[in-house]
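# Chain and residue survey
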Amino acid sequence: MQVRFLPGEPDHPDAGRRHMIRAVACVAAGMILPASARAAHRTLAAPPRIGRALPPRPLVMLDPGHGGKDPGAIGVSGTYEKHVAEAAAAELQRQLLASGRYRVELTRGTDIFIPLEDRVGIAEGRQAALFVSMHADALHDPSVRGASVYTLADGASDAQTAALARTENSADRFAGPRFHGTSPEVQAILASLVRQETRVGSAHMAGSVVNAFRPQIGLLNNPSRHAGFVVLKAADIPSVLVEMGFMSNHQDEAALRQASHRAMVASAMTRAIDGYFASSAAGFTRLSG
Ligand code: ZN
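Attention here is on the structure that accompanies the text. Note that the structure is a prediction, hence the values are computed from the model and not measured.

## Describing the side chain of Gln95
Position of Gln95 among the secondary structure elements: in helix α3 (residues 81–99). By relative accessible area, which is 17% here, Gln95 ends up buried. Beyond its immediate stretch of four places on either side in the chain, Gln95 contacts Ala263, Ala266, Ser267 and Thr270.

Here you go:
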């Protein structure tokens, strides 16, 4: 049921304005105002704040992988990647907001399916300064464990990453006939359209993630890798995909199920994002807000 205010009710949208008009008139007439009118006067006629303006805060777009009908990888103990990604992104959002240095939005805050192109579109539409896609995929080799970070390129850095990109890019098979997956040729064209400074920013962010993770969180060998990930193709938003660990590895899956481990990952990610924005590589990014 829609709540409607009647004219004259204290919560009517015009009530504050009428209070202010009355307050101004009363002050002009030298009258003592009732407390409610004084409060309204304070609220509506407060002088602009004096002092240093708040520094601009860049918008960080977090992208929890998969969701809805796409579970992502399913762990050896049955954990769904989509749930791990969502919980980790929520914790990272909490930590970034607590720092007061960023605005943070999520491509999905609930368990819904979003096609890859739409994830990029959300970041572009909101003019994000940085895009971070969060995953915990599966590999064929269950012994491989550790975190890793990926940037967009037209060729894959290694066979394992090529396979990972194929799996990630096939997420759109859940989307129905509108999306048919993206061929390697189209991925190469997309990658070539990404601006040079966006590539530099993405590479810098990937380096910052590796540096922040190294002291605390186990990393894959050669943890900074690249391939034709469709979700990283925003032309002017530096973008990385972080694999927080692999669902195909028993220890990684067990760790990512724990809130304390996800908090540690989020803390390292926050340091990585701080490092990125403190660097000159972020100099060209949008800093509005
Ligand atoms: Zn994934």
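## A short note on the packing of aromatic side chains
Between two aromatic rings, the relevant description is the distance of the centres plus the angle of the planes. For the coordinates displayed, the defined rule picks out three aromatic pairs. Judged by centre distance (5.0 Å) and plane angle (75°), the rings of Tyr276 and Phe277 are edge-to-face. By relative accessible area, Tyr276 is classed as buried at 0%. Aromatic rings pair up to connect Tyr102, Tyr276 and Phe277 into one cluster.

## Notes on the packing of α3 against helix α9 (residues 259–278)
Each pair of packed helices gets described by two things: the angle between the helix axes and the distance between those axes. As a packed pair, α3 and α9 sit with axes 9 Å apart at the nearest point and diverge in direction by 55°. Taken together, the axes of α3 and α9 lie oblique to each other. α3 and α9 meet at a crossing whose hand is right-handed. For the pair formed by α3 and α9, the contact residues are Val84, Ala87, Ala88, Glu91, Leu92, Gln95 and Leu96 on the first element and Arg262, Ala263, Ala266, Ser267, Met269, Thr270 and Ile273 on the second. A per-class count over the contact of α3 with α9 returns nine nonpolar, three polar and two charged.

What counts and how
- Per chain, residue numbering runs from 1 following the sequence as it is written.
- For a predicted model such as this one, the threshold for reporting local features is a pLDDT of at least 70, and the threshold for listing and counting side-chain atom pairs is 80 or more; totals across whole chains, interfaces and linings nevertheless cover every residue.
- To obtain the side-chain values, all non-hydrogen atoms of the structure were included, while hydrogens and water were left out.
- Each helix is a run of DSSP H or I of at least 4 residues and each strand a run of E of at least 2, with the numbering of both proceeding from the N terminus.
- Note on exposure labels: buried denotes an accessible area under 20% of the residue type's maximum, exposed denotes more than 50%, and partly exposed covers the range between, all computed with a 1.4 Å probe on protein chains only.
- By definition, residues are in contact when any of their heavy atoms lie within 4.5 Å.
- Pairing of aromatic rings covers Phe, Tyr and Trp, the last counted by its six-membered ring, and requires centre-to-centre distances within 6.5 Å; plane angles under 30 degrees mean stacked, over 60 mean edge-to-face, and any other angle means tilted.
- Angles here are taken between N-to-C directions and fall from 0 to 180 degrees, while the axes themselves are lines fitted to C-alpha atoms, restricted in helices to the stretch in contact.
- Roughly parallel means an angle under 35 degrees; roughly antiparallel means over 145; roughly perpendicular covers 65 to 115; every other angle is labelled oblique.
- Should the near helix be turned anticlockwise from the far one by less than a right angle, the crossing is termed left-handed; should it be turned clockwise, right-handed.
- Side-chain classes follow a simple rule in which Ala, Val, Leu, Ile, Met, Phe, Trp, Tyr, Cys and Pro form the nonpolar group, Asp, Glu, Lys and Arg form the charged group, and the remainder, Gly included, forms the polar group.

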